[in-house]
Structures are given as C-alpha cells and as structure tokens.
Amino acid sequence: TFPDGAFLAPRMESEATMHALAERLRGGDLSAEPPFLAAFDRLADRLLLDDPRKLSALVAEARALPLALPASQQLVRFYEGLALSKAEHFAESLAVFDALLAEPDLDAAVRGRALNSRANSYRILGRLEDALAGFLASLTLWRRLGNRLREGLALLNLGIAAYQLQRYDEAEDGLRQAVLCFTEAGARQWLAPAHNELRLSSRDLGRWPGALASLNAADE
C-alpha cells in the first residue's frame, strides 16, 4: 500500500530552506512559521520515501521548535505517526493518528492524510475491513476538497485493500478510477503502480487482454 505523500521536491534546497526558517523561529520571528511549515512538509514527504530514519530526526527537530499555529503542530504530529509506522511501531502510530483524528478543529487536509495513513497501518496489521473504511473516509474527504491527486492515492490504496479481500471487481473499479485521477492530475509517477495493481486484479478475474494492457501501460 502506498503512503500518503511522496510529492518530490529538491531535497538539499528543502533542507536549507527549512533549517534557515527554523533558526528564525528560534529567534522569535513568528512570520517564519507558515513558510517553515511548507518547507517541512515538502522535506518530510521526500524523506518518507528516501530516508525514513532521517524523517524521525526531522520530526524531533520540529517538535522542539516554538510552533504556535495549530496547523503546524498538527502536521508535525501527522508525520510523527508516519515515522512510527515506517519504523514498524504500528500500535504507537495508531495511537498518534487516533488522537489527531479526535481533534474537532483538525485541518481538513491533515485529516484526509491521517485517515489514509492510519488505514495503511490497519492494512499491515491485517485489519482489512478497518483499512477499507479508512480509505473510503479519506476518499470522501479528498473528493469534497477537489484534490484529484490525493483522491487517486486513496483509490489506489482502496483498490489494493479490496484486492487483498478478494473483492476483485471492487478492486478493479477503484484502480481504474485511480488511473483516471492520476492522468487528470498529471501525476505520471503514480500511473505505473496503479496499472500494475490493475494488472493483478484483471488477471485474477480472468480478463487476460485487460491484464496485458495494464502490464504494457505499467512499462511505459
């Protein structure tokens, strides 16, 4: 199952920007917090794939900063949950996500990402019905917000969970919608994973021409 995030950004530039803004925050410059939050988000998203151990260190550094905005604190806690999940501390990650999702004033985008990431932990723990419910809740939120890229990620994860439950028609439908979302969002990096998963569901349904077409599309 795929993480919530993975939007590529130049790593060195993100690190330099974030650390410079962190120094301004330590010096009491409150105006540095919104751009720091954006830089932290970009870098944490990249480390999620490239260097999960460094993600934990980044989260610890951010937690030590005097962050005043609730949105900043929420985003840092979200990545704390992700870092725990990547370290295979799933019970701890679920505790972080549960507490975050219980907040009534949680930022909508953070809520959608936390729902998806908590569902990933459920899936790994074998709680597939809980995973499906989480991915569906995330999907509903991203559709309401009009974010086609994250809608596609939720559909991709939903399709994978449905496949694991041997709900092949449901999996195929979700994966085809994911391909459409990624195409419309111009997110070519996600098309190959979606086509590969679609190949598996088509194969298990005995739809060999479709499976072959998905295999060819994944290799493009």
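That block above? That's the structure.
For clarity, every value in this text was computed on a predicted model and none was experimentally measured.

Student: How would you explain the pattern of salt bridges if you had to name every residue and give the values?
Tutor: Going through the model one piece at a time under the given rule, you end up with 16 salt bridges. The partner of Glu15 in a salt bridge is Lys54, and the shortest N-O contact between them spans 3.1 Å. In this pair, Glu15 is assigned in helix α1 (residues 11-26) and Lys54 in helix α3 (residues 52-63), connecting sequence segments 39 residues apart. Residue classification places Glu15 among the buried positions, given a relative accessible area of 17%. Residue classification places Lys54 among the partly exposed positions, given a relative accessible area of 35%. Each of Arg143, Arg148, Glu151 and Glu184 takes part in a single network of salt bridges with overlapping partners.

Student: Which residues make up helix α2 (residues 33-50), and what are the values?
Tutor: Its 18 residues give α2 an end-to-end C-alpha distance of 25 Å, which sits within 8% of 26 Å, the value for a rise of 1.5 Å per residue. Among all positions in α2, only Glu33, Phe36, Leu37, Ala39, Phe40, Leu43, Ala44, Asp45, Leu47 and Leu48 are buried.

Student: Go over the environment of Asp107 with me, naming the residues and quoting the values.
Tutor: In this fold, Asp107 is placed in the loop between α5 (90-101) and α6 (108-124). What makes Asp107 partly exposed here is its relative accessible area of 33%. Measuring from C-alpha to C-alpha, the distance between Asp107 and Ser72 comes to 9.9 Å, with 35 residues separating the pair along the chain.

Calculation rules
Residues numbered from 1 in each chain as written. Predicted model: local features only at pLDDT ≥ 70, side-chain atom pairs only at ≥ 80, totals over all residues. Heavy atoms only, no water. Salt bridge = Lys/Arg side-chain N within 4 Å of Asp/Glu carboxyl O. Helix = DSSP H or I, 4+ residues; strand = E, 2+ residues; numbered from the N terminus. Buried < 20%, exposed > 50% of the residue type's maximum accessible area, 1.4 Å probe, protein only. Expected span 1.5 Å × (residues − 1).

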